[in-house]
Amino acid sequence: MSNKWAESSQESKLVTTVTHVSLKNQTHGGPGGLVSYEDLLIAQYLDELRNTRKTKGADDGPCIKPSPYTQKLPHSDYTYKYPRRRPMSATYAGGMGKPKIDAKFIADSTLWDPATPRNDDEGPEKYQVYFTEKSLRKQRPASAPVKTKKLNRPTSAASTLSYYGRSRPFSGRSSHYGGRKIKSQYKKQPHTIRVTAFKNGTREPFLRIAAPNIKMLLEYCTDKLNLPFAARRVFLEDGVEVFTEKDIPLDGEVYISTGENYRDPYASTKRHIILNNGAKWSLTGVILPLEGKKRVSKPRLSKRMKKLSEHKCVRIIVYRNGKSTEPVEVVADLSKMEEFLVACTSKLDLRSHAKILYDWEGNEITHLAETPILDECLQPGGNYVLGPIWVSNGEGFSPSGTRDFLITIQEVLKARLKEAKLFRKELFHMRDGEKDEVKVAVKILSMSSNEVEEAIIYTDNDMEQLNDALQGIKEKLDNLQELVIKEEAEGTHFRMRHIRKLDDDKTFKMVGIPGLKLKIHENGTVNAPREFYFNLRKAAQGSTKEIILQRLLDELSNMFVNPMKPKIAPVAKKIFNAFGREITDVYTLESEQEVWVSFGEPYISPVTYCLQVIFDLARGKDVFGEKQVILREQLQQDGIDEGNPQQAANYEYYEAHIGFPPGYEYEPCKYEGERDHLANLANMAELDPRGSFLQYMPIPSAVLYPEIIMSQKLSKGHKELWPSESQIWVISKSGFIYCKPFPQLCLAVSDQKVDTTLTGKEAPVSGYVVTLQKKMVGNPHQMWTFNTDATISSKAYGDLLLTYLGKKFGEESDDSVQPEGVKPGNRVYMLLAEPLKKGKSLQRFAMKQERLVNMGQWKHNDATNPEWNKQALSWPVRSDGSLNQDYDWPMEGFILPCAPKLHKKTHDSELSGMTPLRLMVVRNGERNTGMAVPVVGPNLTNFMKDISKKPPRPEKKGRRRQVQEETIPDTDEGNIETDVNLHCRDLTVRELEFSMFLDHCTSLLNLPFAGRRLYDNGGNEHFTLKTLKRDQLVYVSCGEIWTDPMLSKVEQQRRYLLSQLAQDVAKMRQFAALRNPERYVLQVDPSLQPGSNAIVHQQWTKEDDQLAQEEVDTQSIPVGKPPPSVISDNELLGDKSAHERAHEKSEQRLNNLKWPWERLVNVNNSFDTDPEANKFTDREMYEKFKPKQVTKISRDTLQRFVFEDGYIALASNRQLVLGLSEPEGRVVEVHLVKRRPDDVYQQWLMKENGEIRPRYSLQLVLTVSMPNNEPFAEDEEGRPLTFIGCKVTLQTRRTNEFGKAHQRWRYDAETGFIHAFFADLPDKEITAANKADVCTYAIANTSKIDQPGYVASVPVQVSPDRATVKRIKVCMSCARAMRGRYKLDRLPDSRQFSCAMGNAKALKLQQIGSFRVLNGKVDLSTHEYALTLQDWEDKLAKLMVETSARAITKEINVASTVQTVKVLAYKNGEGRLRPGEIICGSSVVGMLNQCTMRLGLNQAAVRMFTEDGTMIVEVEDLVDWAVQNYRSLMADHLEKVCQGKQDNGEDEGNQRGEGEGQDSQEEGQDKAETDDKETDKSSRQRDFLLSQVQMPSVETILRYPIEIWVSSGKPFVPPEVVESKVENRKKKRAFRAAVSLELDMEKHILRIMKGRRLDELSPGEYKGTKNATKPVVVEGHWEEPTAEEQQKHDSVHKLQEHLAEVKKYQKEKQAPLVLDLNKSLYKQPDTKRVQVYPNGESIERTTYIWGDSFQQLLDNASMRLNLWQPAKRLFNMEGKEVTQFSEIQKDELLCVSTGRPFKQNQSSRLDVEIKANWSRAHKQYGATATDVHVEAPVNPKVNVDPFGPPALALPLNNQPKPIKSRSESPKACC
C-alpha cells in the first residue's frame, strides 16, 4: 500500500492511517530496488552525523557555568557524574526501531539471521516495515499517548452521577479506559513459575525453583544445576516443549535442556525392563527382543557444519601486533583474505579494520597461503594449525611481541626436552635392568623389553625434533635482535615510521594551537614520569586562563583515579615546575615539560638541594689599552687540562689570589669590531676583579673563578660535578667552612652590601654578599659561629645570619633580579642579613654526612625534632652552644638549606598526630599500587587527653611525689614534645598506636605472619605514625627488610636471597654464642636491699675487682667536687673487731649528746687526711654536709649464698633471702625479700638432678630467662648474645632429657656459689638451639633424642589429583616457623625423635623450617659449629658483592646436605697396632681437629689417608671411597665363591694342559695384548657379579666406621708395611732372645761351677814333673779353674761374640743425611724447643719457647713469661748456668733469670718473707725501726774484715788488702 503522510503546518502533528510503509526507493537505490547492507550502514552513519551536528550546535553557544549541584563537595569526593537524559515518562521503553549492526555479520555473510533474505529473488516485501496503531501507541512516550477517535473525557470533567442517579465512591467507579472495573491491588499479583527442575535425561539432580518468566527460569537453572552451557529449552514430563509461562503447570516437573532434544530419563529403565521381559534362553545363548536392542547412533551434521566441511578451511593462530598474549584462533579459507581480516577485526576487538598481516620475521603476508606453520612438535594434534601471525591496523611491524612469543615457545621446548631426556634415561635404566632407578615414569615398569626399545626410538625422534625446533627458534631470535633494539631505542616512532611528521609551523596552521605533552610527577616524587596529553585548542575555546587551568587540573585528577575504588579519587589543586614555582598560566607550559601535581598540599621538593662550588674560566681582555675587562666563560667537561685531568682536579696545582692574578697576560683586541662584541659580553658576563681566583700553575693563562651556588645534591663522582667533591664542605673547630677539593678557598663575607628580594617572595632583604675567598688565618670575615637554632652567623657581624635567597641553579625566574652594584657575571645566592620575620627556614641550615667513615655521625646530634633523625642530619654544636666533641672533627658533608627546626616545642593542648590517620597500605614489594588497602589508625585522641592531664599533687611528701613531678612535662619552659609512657605496659602512646595499626594491617592484608615493620615508598622505615601523612602509600612487612617494588625481579630476588641467608647466618652466630655457657653463677642485682632482682653473671674473681678499681682510678674527677671513693667490704669494716666498732659507735653517740663547746673536735686530726676540709672555715658544717663515700659492693658478696632450713640466703646478710611475690602467670620473677618464717614463697627444695623447686609448687623450677633475641638488626647481622644480666624466674618444669640446661643448678656449700647451666654439653646445645631458632637436626643430625617438640600435620601431594596429610615430628624452632600454616600438636614427654625438617628433601616435604635456605645444609655439632659458621660467614661476605641472583641461588643450592660419617682413626705409622678412636664428623677439618686431641698428636693433624693410601680432602671423597671399597670387597668375595665351585674342573684342565705351549714364540709378542684383554674380562666379570647382587644403600654402608690414618704432614705409611716391620722386629728379637737365653744359661752354669770350686777350698794334690825348675806342682787347687770351667768359659765367650754379631747385623740401617751446606737452600736453622720458668718461682709457670740462638731464647722467654726486665741468664735444674747454645738439649727444662743467681722456690719465698717482715716493722715501729747499724772495732794484730768472706776462701790474687785506718764503722742492713 502507498504512504499517506499528512503534515499540518499549523499544529505540526502527525496522523498515520497506513498499515505499513514500504522502504522501496527510499534508499540510495540498489540494483533491483533492494536495500543493500552497505546502504544501511551509510544511512545509519548519516543519521549519527545529523544528531552530532545538532548536539554540536547546541554546545556552540555561550559558555554556561556548571550548576553548583554538579560540583564536588569540599567535605566529600561525591560528584554528579550521570549524563543528562530524558525522564522516564518521555522515553520509549522498547527498541529504537533501528537494528544494531554486529561486526560478526560484516566478517561472515553466512551468519545472517535466518529471517533476513539472502537472495534477490525473495522480493522487496521482506524489507518492509509495518506500523499499526498499537505499535505507534507503544512507541509514544507515556506523557504523550496516541489519541483515538473516541475522545475520553478527563477525570475532572467526568460525570459524578451514576446510573442509579446517585454518586458512587471513587473506588467503585469505572475506569475511563474501556469502562472496565479496576481490580484490587491484592489481585494484581504477577504470575510466578514454581516448578521442580531436572537436567535433561536425568532424575537425580533436581531443584525447586520459582521464577517470574521463562528467561529467569533458564538463568536460574543454568546456575543452580551447574549446566555446562546456558539453558535454552524447557520440556514437560511428556516431552512437550514449553514456550510460554502459562503452559507450565503449577508445581510441575520440567526438564532443562541446553539445546538438545528431549531425552526420556526412564529410557534406560524401560529398555532394561523390556530386555528382562522379552529375553529368551536358547542353545546359543540369550535372545534379546528387537525393541530392547540398543541401536547404533548415526552422526548428523548441521547445515552450517556441512557448508564448512565442503570448503577447505584451516585454523590460524592470530596475535595483535606487538603482543604475545591473548591469542585467538580463526577458521578461514585460504582464498578469502578479506573475510579473514574481517574475522580478525571481530575476534581481536580491534578499534579499526585489520589491514596488514606479518609473519614472525616481520615479512608482510599478502596471501594466506604464505602463512607460516609451527613445527610438528608444537602442533596440538589433529589438524595442523597455521601461524602464528600478527595483525596490524596499518602500523609497522613490532618485533617485541614476536620476540616474547618465541622466548615462551623456547622455554616450553626446553622443558619438554628436559622431560624427554629424563624419560629416555629411565628407559635405559629399565633396559639395563635397574628398576630401582625408575622413579618418575613409573609406567615404564610395566613395559616389555620390545616396548622399551620402541619407546627409546620414539623418544630419540622426539628429542631430535625438539632440538631442531630449538635451533630454528634461536635463529629467528637472532634475526629479530636488531629490530628489537631499534624498537626499544625509537619507542612508538618505530611502528609509525611510515607517517611523516609535519613541521611545527605547518601543524599550527592546520590544527591551530598545538596540544601539550607533559611529564607528570606526584608532589614530592621523582620516579618515572607518566605522559599526559592535553588538548589546549579545545580547552581554550571561549575560556579564560583560570578556566583553562581548572580544566587542566580536572583532567590531571583523572590520572590518579584508582580503578578499584573510583569513588576515592584525589583532586589536583596545583601544579608546580621543577623549581617549585606554581604554574598559574597554562600557556607558559612547554611540550615535554616536567610538572609536579599537588592535591592541596604545598610543594614538596622531590630532590635535595645543597651548597656547591662551581668553577668557570676567567678571560682577561685588553680593549685597545683603554681598559681591561674580565669575562666569564663556561668550563667545558674536559676540564682545564685535557691531557692530564687528574692533575687539573688536584688543589696542589692551583694558587689562590685575592683579585685577578697579577702576572696574567691580557689578550689584546685585534680588530675594531671586537669592541662592541666585548661590550655586549661585559653586560652579561663581566666579573669583579676584586674577587678571589685560582690560577692553574702548569698553565698560567688558565684562571678559574669560584662561585657558590645552590644546586641539586648529586652522588660523588657524578659526571656533572667537577671536581667530584665540589658539594662536600669541611667545618673546622676554629669556625672555617672551606671546600674540600680546594681547601685554600673558604666561605667568607665580602664588604659589598646589596638590597634585593627573596626569590618567590616579595619580602625585601638587605645584607652582605657571601662569596668564596682565599683562606686567611684569623680573619673574622671567614670564621663562622653555629647557633643552637640551626642558624649560622659570622664572627665579624654577630647579629647577622647567613641567609639563602631561595634561588636555585638553572632557574630563570622573573622575580630574581640582579642586585644593584653587583657585576653581571657574579651571581648572588647567599647573603649575611638580619633575622627574617617571615621565611625563617631560609636562615636554617643542616649538615648531611653520607660518607662511609661518618655514616652514623648524625646520631650524635642534640636535635629534639624527630625530622632531624629521620633525615639523618647533623649539627656541629650542642644545645648549650658548645662544640659537639662526639663528631669526627673536622666535619665533612653536604650543607643543606631550609632545614627543619632543631628543637620542636609543644603545649599541653597540642595533640598532634593522635587523631586517626588513614594510610594506603600494600604488602612489602608489591608493584601494583591498585592493591592498596586503606587502613585507619586507632583513635587515641581521648586517651591522649586523659594521659596529658596533670594529676593532683599528693599531700604526702616522699619519693612518690617526686616521681610524679618528674614524669609531668613542664610546658612552661618550652620542653620538646615527648612521648608519654603507659603505666600498665612497657610502651609509649606512640608505640601503642603503631602496634595497633600493624595489627589492623595484618588482618586486612591477610599477611602470613604478624606485621612488624613499616616503610614508605622510598624505603625509609617508620617506627611511629607521626612522620606519615594522610593517604600516604606505605608498605608493611612481617619482619623482612625493605623490598623496593621498582627494582627488577632479579634484584629483588637477589636481595631476598641475601636477606634469607644473612638471617640464617645470624641464627648460627647466636647459637655459637649461647651453646656452652660456663662459669655462670646466681647473683643479685648490685644492691643489697629487698626487691633486687636475681640474675646470672660470670663467677667472681680477684681480677674483676682489680679491673673495677683501675677503671675508677682512671676516671676524671670534676673540679670542686670530692673524688668518689670506692670501698670494698673489707676496707669498710677494716681490721677492727665487732667489739671495737661497737665502742666507736657508742662514743660517737655520746659525743652527739654533748654541747658544741664540750665536744672534742678533730681529736685524731682527721682533717689532715682530707685536703678539701681545709677550704672551709666551718669544719663541722663540712663534716655534716660533705658528700658521702660511694660504697660499691663487690660481686663476690652478691654471688655467695647459704642454703639452710630451706632458705637461700645471702652469706653476708642472712636476713635477705630469695623469694617472690604473689605468683601471677606462667613466669614469675625471683628477687630478694626479707626473711619471714611463715612465707611459703621463700622456701626452696634442691634436688639431686640439679633442679631448684619452690616448696609451694613442685611443677615450677628456678630457670634462667633466655636473653632477648635480636637477629634482624638494620645491618642484617645478629647481635652477639650473652647470659650476663639475664633474670632468674620460675617457669614450668621440663622433663625432656635435652633442652633443659637453663633449669639445672649446682650449689657449692664450701664457696657459696650456685652455678647455673650445670648440665652436659648436648643439653646446653639443644637449649641454645631452641633459643637461637636453630633446628636441632643441625646438632643431633639423625640421632633420635628426647627433646621438646610438636607433631605437624603437613599436606603431601600423592598424585596430581590427590593429596594426603602426613604427620611429622619437628623441633621447637621449626614448629615456631610453621606456626600459623599447619596444625601443630605438642608431643608428650619422653618421646625421642629427630626433626623431620632437617631431612625434608628426602621425605619429599616442603622445607618450612627454622632456617630459611640452609635447612639440612649445616652441621652445628660440638666439633663442627665453628668451621660451619666461619664457612658460611665467608660465603655470605662473598655473595654480598655478587650481582647475579642466579649465581647466589646456585651457590646456596650447591651446598650439599650434611653427611655425617663415622671413622676409626689411627696414627700414621702405627698401623693397627694400637686400638683406633671412633670419631664422627661432617667435615675433614673437624675430624682432623678431633684426631689431634683424641690421638694425642704433638702437632696438628693435617692429612687423612685411607687404607690404600688415598688422601681424603672432602667428606664426599671419603663416602665415595667407602662405597667403592665395599663394592670391591663384595666382588672379591663373589669371585672366591664362584672360584670354589669350579676348583675341580680347573684342576683337571691344568693336568691336561701341562707342558703344552710352554715354549711358544708368540707368547712374548701377545703378552701385553693378553693382559689388557684379561683386565677387561676381569672387570666385566666383576661388574656382572655385582649386578647379580643387590647392593645395600649408602646409609647402610656408612653404619660401620671407615678406617683412616691421620698424619701431621708426613707421607702415608701403609699398615701392612708397619705390621711387616713389627713382625720382622719380633723375629729378630726372638732370635736374639734365644742366643741371650743360651748365654745366660752358660753364664749361670759357669757361676755355679766357680762357686762350688770356691766353696770346696780344695788344697790340691802335689804331683811331680820332669821340669827341673818346678819339679813339683799343685793340681786341683781351689784357686785354679778346672778344665770344665775353662771349657764353659770358652763357650760363654763364643756366645757373647755371636750375640754381638747378631745385634750388629740386625741393627736397622739408616741412610746418612748428606747436605751441601754451601747451598743456601739446605741451610736449615737449628731451632730448639725448651721449657722455661721464672727464677725462684714454681715450675707450674713452665711454658714452651723456641729459638735458634741463645739470645733469641732469652728474648722469647722475656716475652712469654712477662718479665719486668729482660732475661740474661739460664740455669738447668741442678743450678748450673748454661752459657752456650750447644749445651741446651731439646725439651729441656731451664730456669730464666734477669741477672740474679739461681734460686729455688723456697728461697724466693724466704725473700718475700724478709720483705714482708721489714714492711711490718717499718709500719708498726716507725720509719727508723729498720735502721740497724753494726760497728766492729779494728783488730790491730789481725787484718781481717769481720763482715767479709774467710781469707782462705778467696783466690790467691784476690787477697784483701791490709786495713790501714777506718773513718766509719762498717754497716749492714738486715
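Residues numbered from 1 in each chain as written. Predicted model: local features only at pLDDT ≥ 70, side-chain atom pairs only at ≥ 80, totals over all residues. Heavy atoms only, no water.

In this section: a nonpolar patch on the surface. Side chains of L41, I42, Y45 and L46 sit close together on the surface and give an oily, nonpolar patch of about 360 Å² of accessible area. Topologically, L41 is positioned in helix α1 (residues 37-59). (Patch = residues over 30% accessible without salt bridge, like charges linked within 9 Å, V, L, I, M, F, W, Y side chains within 5 Å. Areas by Shrake-Rupley, 256 points an atom, 1.4 Å probe, with all protein chains shown as cover. Salt bridge = Lys/Arg side-chain N within 4 Å of Asp/Glu carboxyl O. Helix = DSSP H or I, 4+ residues; strand = E, 2+ residues; numbered from the N terminus.)

Moving on to helix α7 (residues 337-347). Within α7 the residues assigned to the buried category are M337, F340, L341, V342, A343, C344 and T345. D349 sits one or two residues past α7 and shows a positive phi near 55°. (Buried < 20%, exposed > 50% of the residue type's maximum accessible area, 1.4 Å probe, protein only.)

Strand direction decides the pairing type here: strand β29 (residues 745-757) and strand β30 (residues 764-774), joined by 10 bridges, are antiparallel. Of the residues in β30, the one forming a bridge with L745 is K774. Direction of pairing for β30 relative to strand β34 (residues 830-833): antiparallel, over a ladder of three bridges. For V769, the partnering residue across the bridge sits in β34 and is L831. (Pairing = 2+ DSSP bridges.)

Turning our eyes to something else, we now look at the pairing of strand β25 (residues 692-696). In terms of burial, β25 is a largely internal element, five of the five residues being buried. With two bridges joining them, β25 and strand β26 (residues 703-712) adopt antiparallel strand pairing. Pairing of L694 across the sheet is with L704, part of β26. Connecting β25 to the antiparallel partner β26 that follows it, the hairpin turn spans six residues.

Attention now moves to the packing of helix α8 (residues 399-431) against helix α9 (residues 449-490). Direction vectors running N to C along α8 and α9 enclose 160°, while the axes themselves pass 8 Å from each other. With respect to α9, the element α8 is oriented roughly antiparallel. Of the two elements, α8 crosses α9, and the hand of that crossing is left-handed. (Axes fitted to C-alpha atoms, helices over the stretch in contact; angles between N-to-C directions. Parallel < 35°, antiparallel > 145°, perpendicular 65-115°, else oblique. Left-handed = near helix turned anticlockwise from the far one by under 90°.)

Glancing now at the sheet that holds strand β61 (residues 1461-1467). What holds strands together in a sheet is hydrogen bonding between their backbones, with the strands either parallel or antiparallel. As summarised here, the arrangement of the four strands in space is β62-β61-β64-β63, forming an open sheet in which the pairing is mixed. Each having just a single partner strand, β62 (1477-1481) and β63 (1503-1505) make up the two edges of the open sheet. Going from strand to strand, the sheet's axes swing by 40° on average, the running direction of each strand aside. Two strands pair when backbone bridges link them, and β61 and β62 are joined in this way by five bridges, in the antiparallel orientation. Residue pairing for β62: V1463 is matched across the bridge by I1479.

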